[in-house]
Amino acid sequence: MRGVVPSTYVRLLYEYLERQGVAAAALLGVAAPEAADRGLLRYPVVAWRTLLQRAAEHLRDPLLGLHLGQTITPAHFGVMGYVLLACPNLGAALARTLQYQRLLYDVNPMRTTMEGSDLLLEWGVDQGRPGALVDECAISALMQLMHNATGRRIVATEICFVNPSPADIQPYRDWFGCPVLFGQAVTSIRFPRALLALPLRQPDTVLLNVLERQADGLLAQLPPSDDFEQAVRRCIARLVREGQPELEMVANELHVSTRTLHRRLAASDINFRELRESIRQHLAEDYLADPRLQLAEIAQLLGYSEQSAFSRAFRRWSGQTPYDYRQRLLSSG
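Rules and cut-offs
- Residues numbered from 1 in each chain as written.
- Predicted model: local features only at pLDDT ≥ 70, side-chain atom pairs only at ≥ 80, totals over all residues.
- Heavy atoms only, no water.
- Pairing = 2+ DSSP bridges.
- Helix = DSSP H or I, 4+ residues; strand = E, 2+ residues; numbered from the N terminus.
- Contact = heavy atoms within 4.5 Å.
- Axes fitted to C-alpha atoms, helices over the stretch in contact; angles between N-to-C directions.
- Expected span 1.5 Å × (residues − 1).
- Buried < 20%, exposed > 50% of the residue type's maximum accessible area, 1.4 Å probe, protein only.
- Arc of directions from axis to C-beta.
- Salt bridge = Lys/Arg side-chain N within 4 Å of Asp/Glu carboxyl O.

A. Inspection of the sheet that holds strand β6 (residues 180-181) at higher detail. Overall, mixed pairing links the 5 strands, which are arranged β3-β4-β7-β5-β6 in an open sheet. The sheet terminates laterally at β3 (110-115) and β6, the two strands that pair on one side only. Pairing of strand β4 (residues 118-123) with strand β7 (residues 187-192), which is carried by 6 bridges, proceeds in the antiparallel orientation. Following the sheet pairing, L120 is matched in β7 by R190. The strands touched by helix α6 (residues 90-99) are β3, β4 and β7; relative to β3, the strand with the most contacts, the crossing angle is about 140°. Lying on the sheet, helix α8 (residues 132-150) is in contact with β4, β5 (158-160) and β7; it crosses β7 at an angle near 25°.

See below:
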């Protein structure tokens, strides 16, 4: 699982636990991030998932992601929060969310498309599946931020999650106020594009220009990302469900020649087959961390026609069976 989250979310979890009367540092085993880091301190999303799991188990709250996201405010994001608040309308705020998403939530990238009278926000599994707690916290936080910025409740037309359905989906319908689907190909939010014209509560063009310059400076301080390599990774992760993605297939998806793809990967000292196997292995490990997914389902998600083929591949990668790997994860949790 690739990707990082800003310290904003970890600080949010600390505040939430302290309000519940829980000594957060003792429970989580890591020090609380300082507010002065401006969100530049990054936590691997795998570590973030572990913190959420520990907190959820301690609180006996499987809906912690949903509950935690509802407590977020623009102030938690510092400069970026004020950038969003200073925008003239919701559409402009979402455009800045897309522009500065590495500062806000640097896991699977957000994509936006217009479909008739709807706007669709999508997050794939290009860099792996963070899991239900992580995804639910992120989506509920985004909806809460839109509520804070506009001063009115934003109700989506439909919300989808890639994760398997929980036993009771009513709490999700109650909070989001719309149909919520699980086990989908991507995590997404669909809502009427007319909502993009909603004015925000504190628009300020002059302040927005100043804040954007600060945000650009923060963005420049982040480690560089190889967009082409990420595009290749996203493409392989998307195609893997259909079987064994070959070099030609990926090149065709990216609209480059196989020679160009091979040359650009070689320039970064990347072997295509090794990259493909690495992505499959990381996806497998992410899937196995979700106890609601059956081994046969995971094999299918990874493009294997039979569970036995997946088991042989996983043993080759890790030296153990998928079942043994999952049991070790559960026992160490």
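B. View of helix α3 (residues 45-59). Relative to the 21 Å expected for 15 residues at 1.5 Å per residue, α3 spans 21 Å between its end C-alpha atoms, a close match to the ideal helical length. Among the residues of α3, those classed as buried are V45, W48, R49, L51, L52, A55 and A56. Taken end-on, α3 shows its buried residues confined to a sector of 160°, consistent with a single buried face. Looking at the residues trailing α3, positive phi occurs at R60, about 55°.

C. Just the pairing of β4, in detail. Within β4, 5 of the 6 residues are buried, which leaves it mostly tucked inside the rest of the structure. Sheet topology note: the β3/β4 ladder contains 6 bridges and is antiparallel. Within β4, the position partnered with M110 by the bridge is W123. Taking the residues between adjacent antiparallel strands as the criterion, β3 and β4 are bridged by 2 residues, where G116 takes a positive phi near 65°.

D. Molecular detail of the pattern of salt bridges. Scanning the model with the defined rule gives 4 salt bridges in all. Notably, a salt bridge pairs E246 with R276, separated by 3.4 Å at the nearest N-O pair. One end of the pair, E246, is in the loop between α11 (227-239) and α12 (247-254); the other, R276, is in helix α14 (residues 272-288), and 30 residues separate them in sequence. Judged by relative accessible area, which is 34%, E246 ranks as partly exposed.

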